[in-house]
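# Results of the structural survey
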Amino acid sequence: MAITNEQSSSTAGRELIMTRTIDAPRELVYKVWTDPQHVAQWWGPNGFTNTIIEMDVRPGGTWLYTMHAPDGTDFPNKIVYSEVVKAERLVYVHSDGSENDPKQFDVTITFEAEGNKTKLTMRSLFGSAETLKMLIENFGVAEGGNQTLNRLEAHLVSMDSESNLVLQRVFNAPVELVFRVWTEAEHLANWWGPKGMPITVAKLDFRPGGIFHYNMQAPDGNAIWGKFVYREIIAPTKITFVSSFADANCGTIRNPWMDTWPLEVLNVMTITEQDGKTTLTLKGGPIHASETELAAFNMAKKGMEQGFSGTFEQLEAYLVGMAR
């Protein structure tokens, strides 16, 4: 994703521009941006939730909502639409709903089709360069926007598209324990990875933006490196991360067995508990992938299901051992 603060005669440093190419058709991206049932599940930075009071997406319509921060602080928001072109463009004024809000700003969002992908551009124009600078430095609006688009991508992956891998397993263990063995190096080293390929954890920094870097010992003696980059963590129910093959220095590399494999796969894992048992659901799909890479991923889903079945069997046995 690109984030810029353009300088021009008309905007004079007042404009924040965010662009991202999203692996979904623009009609779907537009839908999850304008349907309150979808928006409530991804809008806002990591850890934020939303109460949508009203969402009337039409010229002159209003979107009223309250954002709830992780620390419990509530932030009222008001959006008034001035232009709505379905699946193409949204223009609106964003404020906190009070009169003469000094942080009020104008937003233009465009959705451009690029094959089966969508180039999304969000331009936010503030009242002054000083206001924008203050919001970036004191409120992290640029990073907050980046996290919001990350959550949008994760929501799209979680929608059970035919192009995504969907796995589910029930474990006879409490949700806190299942979450714990995914988040601590001493546990991951005992079960993560395909059967017959023990791993060594080189690094585990379990936080948004942190990295899990590990190597697997293949039967031929070679070390295969992999990594997770964590995006969102909601303990103990959700972990979102990007997985890839890696080198010993934690750089992202191609699949050593298949050069058409996607460089990055976005994974959304949810964990729920009922009657003392935990259901783990893992959904994953390529991001920033070419048509060739998407085709390779789709053709390999059956094999991935079998591979994860072995991994989950190792996890199940490890949980049973911990219970003993």
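Placed above this text is the structure.
Residues numbered from 1 in each chain as written. Predicted model: local features only at pLDDT ≥ 70, side-chain atom pairs only at ≥ 80, totals over all residues. Heavy atoms only, no water.

Along the protein, the regular secondary structure elements total eight helices and 16 strands. The C-alpha radius of gyration computed for the protein amounts to 22 Å, which stays within 12% of the reference 20 Å derived for 324 residues, consistent with globular compactness. Each principal axis of the C-alpha distribution contributes one length, and for the protein these read about 65 × 45 × 35 Å. Taking the contacts inside the protein whose residues are at least 6 apart along the sequence as the reference set, 49% of them involve residues at least 24 apart. Here the protein has roughly 15,700 Å² of accessible surface; of this, 51% comes from carbon and sulfur atoms. For the protein, the centre of its 28 positive side-chain charges and the centre of its 39 negative side-chain charges are spaced 2 Å apart. (Helix = DSSP H or I, 4+ residues; strand = E, 2+ residues; numbered from the N terminus. Rg over C-alpha atoms; globule rule 2.2 N^0.38 Å. Contact = heavy atoms within 4.5 Å. Areas by Shrake-Rupley, 256 points an atom, 1.4 Å probe, with all protein chains shown as cover. Lys, Arg positive; Asp, Glu negative; His and termini not counted. Charge placed at Lys NZ, Arg CZ, Asp CG, Glu CD.)

With that settled, the discussion passes to the layout of surface pockets. Within this model, the largest pocket holds a volume of roughly 910 Å³. Around the largest pocket sit 30 residues that line it, and M67, N77, H94, F105 and V141 are the ones nearest its centre. Elements that contribute at least two residues to the lining of the largest pocket include exactly strand 2 (15-22), strand 4 (62-68), strand 5 (74-85), strand 6 (89-95), strand 8 (117-126), helix 3 (129-139) and helix 4 (141-157). Per-element accounting of the lining of the largest pocket gives the leading share, five residues, to helix 4. Among the residues making up the lining of the largest pocket, the classes are represented as 18 nonpolar, nine polar and three charged. Volume-wise, the second largest pocket comes out at about 790 Å³. Forming the walls of the second largest pocket are 34 residues, and the residues nearest its centre are P194, F245, W261, M304 and F308. Secondary structure elements with two or more residues in the lining of the second largest pocket: strand 11 (211-217), strand 12 (223-234), strand 13 (238-246), strand 15 (264-274), strand 16 (277-287) and helix 8 (301-323). With five residues, helix 8 is the largest single contributor of residues to the lining of the second largest pocket. Grouping the amino acids of the lining of the second largest pocket by side-chain chemistry returns 21 nonpolar, 10 polar and three charged. (1 Å grid on protein atoms, 1.4 Å probe; cavity = no way out; pocket = protein on both sides within 12 Å on 5 of 7 lines; lining within 4 Å. Points joined across faces, edges and corners; volume = space filled by probe spheres on them. Nonpolar A, V, L, I, M, F, W, Y, C, P; charged D, E, K, R; others polar.)

Our focus in this paragraph is the nonpolar core. Among the nonpolar cores identified, the biggest contains 39 residues, and W182 and W192 are the most heavily contacted of them. Elements with a minimum of two residues in this core: strand 9 (165-171), helix 5 (175-181), strand 11, strand 12, strand 13, strand 15, strand 16 and helix 8. With six residues, helix 8 is the largest single contributor of residues to this core. Here W192 is in contact with W182, I199, F212, Y214, F228, F308, T311 and Q314, once residues within four sequence places are set aside. Counting 34 residues, the second-largest nonpolar core is a separate cluster that includes V32, W43, A69 and L90. (Core = buried A, V, L, I, M, F, W, Y, C linked by side-chain atoms within 4.5 Å. Buried < 20%, exposed > 50% of the residue type's maximum accessible area, 1.4 Å probe, protein only.)

In short, geometric facts, not functional conclusions.
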